[in-house]
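Results of the structural survey
Here is what each chain is made of, one letter per residue.
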Amino acid sequence: WWVPPYIPSSHPPAIITRGNNVYGPRQYPEKLVPKFLFRMEKGMKLCVHGKGTPRRSYLYVDDAVKAFELILFQGEVGEVYNVGTKEEISVLEVTKAIIKAYGRDKEEDKWIEYVADRTFNDQRYFISTAKLDRLGWKPEIKFDEGLKKTIKWYRDNPAHWEPEALIGALVPHPRR
């Protein structure tokens, strides 16, 4: 928040990036995708806030890294670049995709638990990636492919997170 006013006065070689909903291996499970993967692995229902209607753009971590690298080497100093994807899916669609990836789509209702929505839950926060697109970047990994890679990583690395660290993260409404 302090970088934009600092740029005109002090001229540091700063570039600002803004991204949202990056997912993939090693992500702490308080976020939707890793939380739901952990819950599926433990045989727990997936706790959907409200009706699951908020829409988000999910970007696989490898695509995010490539975007940041491109911005670092080809971005213009003083500019702001949004890092994301044009593909939007609802929380409920993500939930169903995870259930399907686990081969449990025939019993989908068994795996979904609707819980109270958060006090304030944005329905959408889509960002324009036009500036990044002009640098020649585009995401390469589709959501379902990234989801499969993420599931594989968590299955191959079940001890990455200490069990005590997961207790608060896997509840429907984590508190810090």
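Provided above is the structure to which this section pertains.
This section reports on the structure supplied with the text.

**Considering the pattern of salt bridges**
- One pass over the full model with this rule turns up nine salt bridges.
- Measuring nitrogen to oxygen at the nearest pair gives 3.1 Å for the salt bridge that ties glutamate 140 to lysine 66. With glutamate 140 in the loop between α6 (130-134) and α7 (143-156) and lysine 66 in helix α3 (residues 61-74), the pair connects residues that are 74 residues apart, well separated along the chain.
- The exposure class assigned to glutamate 140 is exposed, which follows from its relative accessible area of 54%.
- What makes lysine 66 partly exposed here is its relative accessible area of 38%.

**Brief notes about α7**
- Taking 1.5 Å of rise per residue, the 14 residues of α7 would be expected to cover 20 Å, and the 20 Å separating its terminal C-alpha atoms lies within 8% of that figure.
- All of the buried residues in α7 are Phe143, Gly146, Leu147, Thr150, Ile151, Trp153 and Tyr154. Projected down its long axis, α7 carries its buried residues within an arc of 165°, all on one side. Seen from the buried face of α7, the exposed residues on the opposite side, beyond 90 degrees, are Lys148 and Lys152.
- On its buried face, α7 sits against β2 (22-23), α2 (32-41), β5 (59-60), β7 (89-90) and α4 (91-101).

**Some words on the packing of α2 against α4**
- The contact between α2 and α4 brings their axes to 11 Å, and the two run at 35°. Our pair here, α2 against α4, has a crossing hand that is right-handed. Here Leu32, Val33, Phe36, Leu37 and Met40 of α2 lie close against α4, whose contacting residues are Val91, Val94, Thr95, Ile98 and Ile99.
- Tallied by class, residues from the contact of α2 with α4 come to nine nonpolar, one polar and no charged.

**Some points on the nonpolar core**
- In terms of nonpolar packing, the biggest core is built from 29 residues, with Val33, Leu37, Tyr58, Ile98, Phe143 and Leu147 touching the most fellow members.
- If you list the elements that add at least two residues to this core, you get α2, β3 (46-49), α4, β8 (112-115) and α7.
- Take this core: its biggest share by element is six residues, from α4.
- When residues no more than four places from it in sequence are discounted, the contact partners of phenylalanine 143 are Tyr23, Val33, Tyr58, Ile89, Val94 and Ala97.
- Judged by nonpolar contacts, the second largest core, of nine residues, contains Leu59, Ala64, Ile71 and Val83.

**Description of unusual backbone geometry**
- The residue asparagine 21 is not glycine, and still its phi comes out positive at about 55°.
- Mapped onto the fold, asparagine 21 is located in the loop between β1 (16-19) and β2.
- With a relative accessible area of 22%, asparagine 21 lands in the partly exposed category.
- Notably, arginine 26 is not glycine yet its phi reads approximately 75°, a positive angle.
- Mapped onto the elements, arginine 26 comes out in the loop between β2 and α2.

**Points about the side chain of arginine 39**
- Relative to the elements of secondary structure, arginine 39 occurs in helix α2.
- At 2.5 Å, the side chain of arginine 39 and the backbone oxygen of lysine 45 are in polar contact.
- The residues contacting arginine 39, other than those within four sequence positions of it, are Met44, Lys45, Leu46, Cys47, Leu170 and Val171.

Here is what the cut-offs are and how they apply
Residues numbered from 1 in each chain as written. Predicted model: local features only at pLDDT ≥ 70, side-chain atom pairs only at ≥ 80, totals over all residues. Heavy atoms only, no water. Salt bridge = Lys/Arg side-chain N within 4 Å of Asp/Glu carboxyl O. Helix = DSSP H or I, 4+ residues; strand = E, 2+ residues; numbered from the N terminus. Buried < 20%, exposed > 50% of the residue type's maximum accessible area, 1.4 Å probe, protein only. Expected span 1.5 Å × (residues − 1). Arc of directions from axis to C-beta. Contact = heavy atoms within 4.5 Å. Axes fitted to C-alpha atoms, helices over the stretch in contact; angles between N-to-C directions. Left-handed = near helix turned anticlockwise from the far one by under 90°. Nonpolar A, V, L, I, M, F, W, Y, C, P; charged D, E, K, R; others polar. Core = buried A, V, L, I, M, F, W, Y, C linked by side-chain atoms within 4.5 Å. Polar contact = N/O pair within 3.5 Å; in protein donor to acceptor, adjacent residues only side chain to side chain.

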